[in-house]
Structure formats: C-alpha cells, structure tokens
Amino acid sequence: LAVPYEWRWGEWEPYEHYGYPDYPDVNLRTGAEQLARFLSMHAGGGSYQGTQIVSEASVEEMNTAQYPDLDPEQGLIWYGWKLDGETYLGHNGSDYGSSTEMGVRSDGLGFVILMNGEGDGSILPSIERAMIEAAEGL
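All of the points below concern the structure found in this document. (Residues numbered from 1 in each chain as written. Predicted model: local features only at pLDDT ≥ 70, side-chain atom pairs only at ≥ 80, totals over all residues. Heavy atoms only, no water.)

### Thoughts on the pattern of salt bridges
Okay, step 1: Here the structure, examined in full by the defined rule, presents five salt bridges.
Okay, step 2: Taken together, the shared-partner salt bridges in this structure form one network comprising Arg105, Asp107 and Glu136. (Salt bridge = Lys/Arg side-chain N within 4 Å of Asp/Glu carboxyl O.)

Okay, structure coming up:
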C-alpha cells in the first residue's frame with residue numbers, strides 16, 4: 001500500500017496508515033488498473049471483455065438521479081459533472097493523505113486517478129485534462 005502524505009510546512013510529511021470503524025464505506029484499497037477495469041465494465045453497460053458482470057439495468061440505475069429534486073446529478077454512488085463542457089459520470093474521494101477520482105464520458109473515454117497526497121481544487125481537474133488529452137491522441 002502506498003504511504004499517504006500531506007504537504008506541510010514546505011515538505012511532504014507521511015501519515016501512518018489508518019482506518020475507520022465504518023469501513024468499508026471509506027478506504028477502498030485497490031490499484032489503478034483494477035479500478036480502470038471496473039470503470040470500463042461500467043462504461044460498457046456492465047460488460048467487461050465480453051462477459052456481463054452487472055446487468056445493464058443495474059448500471060442504468062446507478063447512473064440515474066435517485067432524488068432529482070434534491071440533487072439532479074447524484075445516482076447510486078455515481079454522479080455527473082462537467083469538465084470543459086463535457087459530462088462525466090464517476091466518483092471521487094479524499095481523506096488524509098489521499099485524493100482519488102474516476103470518471104467516464106458517454107463515448108467511453110475515462111480516467112482513474114489515485115494520489116497518495118491531498119489535492120486541492122485545481123490539481124485533479126488539471127490531471128484529468130492531461131489524461132483526457134493524452135487518451136484522445138491515441
């Protein structure tokens with residue numbers, strides 16, 4: 001497991017590993033490649049490499065706003081946001097020493113970011129843009 005870090009007083013300070021009594025609603029422990037497979041499965045309507053893992057109806061339900069009057073972008077775990085005019089569906093999280101985000105747009109292009117440092121509001125969108133630009137160039 002990567003050591004989580006915090007930028008403090010001009011240098012990176014490591015946190016010790018920690019947990020919560022309400023695990024597993026936080027502290028998902030996975031790798032970028034595994035999470036990218038999950039994102040690919042979700043973007044593929046629940047199918048990954050020809051195998052249906054989750055029903056298309058379940059994926060649609062995950063993407064559907066559950067309480068649209070309260071929040072029209074929040075599905076089951078998944079939510080939508082705009083980045084440079086494009087809509088993405090995904091999920092993010094952060095905690096002491098970590099920032100994460102995964103998202104996919106309607107054409108299936110997506111990204112997974114797992115950082116062992118706390119990102120401010122501009123770091124993740126900058127990384128997302130760079131990853132999207134690189135992927136569009138492939």
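Having seen it, we continue.
### Thoughts on the nonpolar core
Okay, step 1: Judged by nonpolar contacts, Tyr79, Trp81, Leu83, Tyr88, Leu109, Phe111, Ile113, Met115, Leu124 and Ile132 together constitute the single largest core of ten residues.
Okay, step 2: Contributions of two or more residues to this core are made by strand E5 (79-83), strand E8 (110-115) and helix H3 (123-136).
Okay, step 3: Discounting residues that sit within four places of it in the chain, Tyr88 has contacts with Tyr79, Gly80, Trp81, Leu83, Gly103, Val104, Arg105, Leu109, Phe111 and Ile132.
Okay, step 4: Ranked by size, the runner-up nonpolar core spans seven residues in total, among them Met62, Trp78, Met102 and Val112. (Core = buried A, V, L, I, M, F, W, Y, C linked by side-chain atoms within 4.5 Å. Buried < 20%, exposed > 50% of the residue type's maximum accessible area, 1.4 Å probe, protein only. Helix = DSSP H or I, 4+ residues; strand = E, 2+ residues; numbered from the N terminus. Contact = heavy atoms within 4.5 Å.)

### Overview of helix H1 (residues 32-43)
Okay, step 1: For H1, which comprises twelve residues, the first-to-last C-alpha distance of 16 Å matches the rise-based estimate of 16 Å (1.5 Å per residue) to within 8%.
Okay, step 2: Of the surrounding elements, those touching the buried residues of H1 are strand E3 (47-48), helix H2 (56-63), strand E7 (98-104) and E8.
Okay, step 3: At the C-terminal side of H1, Gly45 shows a positive phi close to 70°. (Expected span 1.5 Å × (residues − 1).)

### Focus on the pairing of E5
Okay, step 1: With four of five residues buried, E5 is to be regarded as a mostly interior element.
Okay, step 2: Here five bridges tie E5 to strand E6 (residues 86-95), and the two strands are oriented antiparallel to one another. Paired with Gly80 across the strands is Leu89, a residue of E6.
Okay, step 3: Hairpin connection, E5 to E6: the antiparallel pair is bridged by two residues, and Asp84 has positive phi, about 50°. (Pairing = 2+ DSSP bridges.)

### Focus on the packing of aromatic side chains
Two aromatic rings are characterised by how far apart their centres lie and by the angle between their planes.
Okay, step 1: Counting across every chain of the model gives six aromatic pairs.
Okay, step 2: A ring pair is formed by Phe38 and Trp78, whose centres lie 6.2 Å apart and whose planes are at 15°; its orientation type is stacked. In this pair, Phe38 sits in helix H1 while Trp78 sits in the loop between H2 and E5, placing the two residues 40 residues apart along the sequence.
Okay, step 3: Under the relative-accessibility criterion, Phe38 is labelled partly exposed at 35%.
Okay, step 4: Using a relative accessible area of 1% as the deciding quantity, one classes Trp78 as buried.
Okay, step 5: Measuring from centroid to centroid gives 6.5 Å for Trp81 and Phe111, while their planes differ by 70°, and the two rings are edge-to-face. (Phe/Tyr/Trp six-rings, centres within 6.5 Å; stacked < 30°, edge-to-face > 60°.)

### Points about the side chain of His42
Okay, step 1: Looking at where His42 falls in the secondary structure, it is placed in helix H1.
Okay, step 2: The exposure class of His42 is buried, given its relative accessible area of 4%.
Okay, step 3: Residues in contact with His42, not counting those within four places in the same chain, are Val59, Met62, Asn63 and Trp78.

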